[in-house]
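# Topology and contacts: notes
For reference, the chains in residue letters:
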Amino acid sequence: MSLASYIGCSIEIPINDDEYSDEFFYIGGCFAGDFDLINVKKYQFTTPCVYEVSSHWGIEISENMNPKTCAESKKKLIELCKIMDSYLEKGDFFELYSCWVGEEAEKRDGEITLRINNFDIDQIEIPEKTLVRFEK
């Protein structure tokens, strides 16, 4: 199984659907299929547009993780916030949700809200099945 991360937002954004891209992080398909995107939209998000975000593994930040993987997730999250900050207007938001592929319709374990460019990456914890709302 694979950990997938998804974002939901109210605007369409460009995707890079080349899963063999050399980019560290991109918006586009990797692990999830169309059914997984439908389920995450239906059961987790409040937004009309849904995308998988990837670098060949999802975003999860928790103390129980391998330190190297956790550091990579922090780097991916910072990059994602920079990308989304460039697309969103003041007052907009995007949502982030990570889970194992196939678990998109399952009950979430938690929810948190953060400012898109005003949080301490070393002070947050985002375990799988947590919906994070990033507000601009």
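Our subject is the structure that appears above.
Below is a summary of the structure that appears in this document. (Residues numbered from 1 in each chain as written. Predicted model: local features only at pLDDT ≥ 70, side-chain atom pairs only at ≥ 80, totals over all residues. Heavy atoms only, no water.)

### Focus on the pattern of salt bridges
Note the threshold: Take a side-chain nitrogen of Lys or Arg and a carboxyl oxygen of Asp or Glu: if they are within 4 Å of each other, that pair is a salt bridge. For helices the rule is a DSSP run of H or I covering at least 4 residues; for strands it is a run of E covering at least 2, with both sets numbered from the N terminus onward. Each residue's exposure class comes from its accessible area (1.4 Å probe, protein chains only) as a fraction of the maximum for that residue type: buried when under 20%, exposed when over 50%, partly exposed otherwise.
With the rule as written, the count across this model stands at eight salt bridges. In this structure, the salt-bridge partner of Lys68 is Glu72, at a minimum N-O distance of 3.9 Å. One end of the pair is Lys68 and the other is Glu72, both in helix 2 (residues 67-87) and four residues apart, which spans about a single turn. The exposure class of Lys68 is exposed, given its relative accessible area of 59%. Across the pair Lys129 and Glu103 runs a salt bridge, and its minimum N-O distance is 3.5 Å. Here Lys129, found in the loop between strand 5 (110-115) and strand 6 (130-135), pairs with Glu103, found in the loop between strand 4 (93-100) and strand 5; they are 26 residues apart in sequence, far enough to count as distant. Taken as a pair, Lys129 and Glu103 share a single burial class, namely buried. Connected via shared salt-bridge partners are Glu103, Glu106 and Lys129.

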